[in-house]
Amino acid sequence: MTQTSTQTLQQTLSIVKPDAVGQNQIGNIIEYFEREGLSVVAAKMVHLSPDDAKKFYEIHADKPFFGELVEFMTSGPILAMVLEGSDAVATNRRIMGATDPTKAEAGTVRADFATSIERNAVHGSDSLENAKTEIGFFFKDKEIFPRA
Ligand code: CMP
């Protein structure tokens, strides 16, 4: 990883969720990331089992929506990706927009592709620490191809 005075090259985990995969929007969504300078350095399509989804979202286990979240995330295949770029965690979250698409800024992925707070098209790591854990959930080191 290289560093400039103000920005750091990072990797973050991105998921294209079952709603967006089912609507054939994978390519359109990746374009939002690439045109803002993020690069796909790993990708795999996965159909999560209920146990996988519960483990991935374990920090939300006590939330009232947890059951629905697991059901939705196991309803079809997802595309898991590692995105790399300058301040990738924050950059990805800016490109995705707010979790609730009714609050997402115009031109963000969720404003353009999400249909509800649950069916919200994409997931992105919310911190560098969680990015490392989430990347490790889906990818081995040898499956990641850093550009830098
Ligand atoms: P994500 O970024 O994948 O992280 C956790 C997910 O839980 C979130 O996106 C939403 O899809 C979902 N979620 C968050 N809040 C709610 C809610 N109030 N009702 C249903 N799903 C939610």
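Not measured: the values here are computed from a predicted model.

Enquirer: What should I look at first to understand the side chain of His123 in this one?
Expert: Within the fold, His123 resides in strand 4 (residues 122-124). Side chain to side chain, His123 and Glu134 meet in a polar contact 3.0 Å long. Ignoring sequence-local partners within four residues, the contact set of His123 consists of Leu13, Ser14, Ile15, Lys17, Phe56, Tyr57, Met96, Arg110 and Glu134.

Enquirer: What exactly am I supposed to notice about the site of the ligand here?
Expert: Close to the ligand lie Lys17, Tyr57, His60, Phe65, Leu69, Thr99, Arg110, Ile117, Glu118, Asn120 and His123. The contact in question runs from an oxygen atom of the ligand to an N or O atom on the side chain of Tyr57, over 2.6 Å. Within the backbone of Ile117, an N or O atom sits 3.1 Å from an oxygen atom of the ligand. Relative to its free-state accessible area of 450 Å², the ligand is covered by the protein chains to the extent of 80%. Classifying every residue of the shell around the ligand gives 4 nonpolar, 4 polar and 3 charged.

Enquirer: Mind showing me how you'd approach the sheet that holds strand 2 (residues 39-46) here?
Expert: Sheet strands associate in pairs through backbone hydrogen bonding, adopting either a parallel or an antiparallel arrangement. What the 4 strands build is an open sheet, ordered 2-3-1-4; its pairing is antiparallel. Both outer strands of the open sheet, strand 2 and strand 4, are each paired with one neighbouring strand and no more. Neighbour-to-neighbour, the strand axes of the sheet open up by a mean angle of 20°, direction not taken into account. Where strand 2 meets strand 3 (residues 78-86), 7 bridges bridge the pair, whose relative direction is antiparallel. Looking across to strand 3, one finds that Ala43 is bridged to Met81. Strands strand 1 (9-16), strand 2, strand 3 and strand 4 of the sheet are contacted by helix 7 (residues 128-138), whose axis makes an angle of about 55° with strand 1.

Enquirer: Explanation requested: the environment of Ala121 in the structure shown.
Expert: Examined against the element boundaries, Ala121 turns out to sit in the loop between helix 6 (109-113) and strand 4. Sequence spacing of Ala121 and Glu31 is 90 residues, and the spatial spacing of their C-alpha atoms is 14 Å. Residues in contact with Ala121, not counting those within four places in the same chain, are Ile15, Val16, Lys17, Asp19, Ala20, Phe113 and Ala114.

Enquirer: How should helix 5 (residues 88-96) be read in this particular structure?
Expert: The periodicity of an α-helix, 3.6 residues per turn, causes residues three or four places apart in sequence to face the same way. All buried positions along helix 5 are accounted for by Ala88, Val89, Thr91, Asn92, Ile95 and Met96. Looking at the buried side of helix 5, the elements it contacts are strand 1, helix 2 (26-35), strand 3, helix 6, strand 4 and helix 7. Downstream of helix 5 by one or two residues, Gly97 has phi in the positive range, about 85°.

What counts, and at which threshold
- Residues numbered from 1 in each chain as written.
- Predicted model: local features only at pLDDT ≥ 70, side-chain atom pairs only at ≥ 80, totals over all residues.
- Heavy atoms only, no water.
- Helix = DSSP H or I, 4+ residues; strand = E, 2+ residues; numbered from the N terminus.
- Polar contact = N/O pair within 3.5 Å; in protein donor to acceptor, adjacent residues only side chain to side chain.
- Contact = heavy atoms within 4.5 Å.
- Near = heavy atom within 4 Å.
- Areas by Shrake-Rupley, 256 points an atom, 1.4 Å probe, with all protein chains shown as cover.
- Nonpolar A, V, L, I, M, F, W, Y, C, P; charged D, E, K, R; others polar.
- Pairing = 2+ DSSP bridges.
- Axes fitted to C-alpha atoms, helices over the stretch in contact; angles between N-to-C directions.
- Buried < 20%, exposed > 50% of the residue type's maximum accessible area, 1.4 Å probe, protein only.

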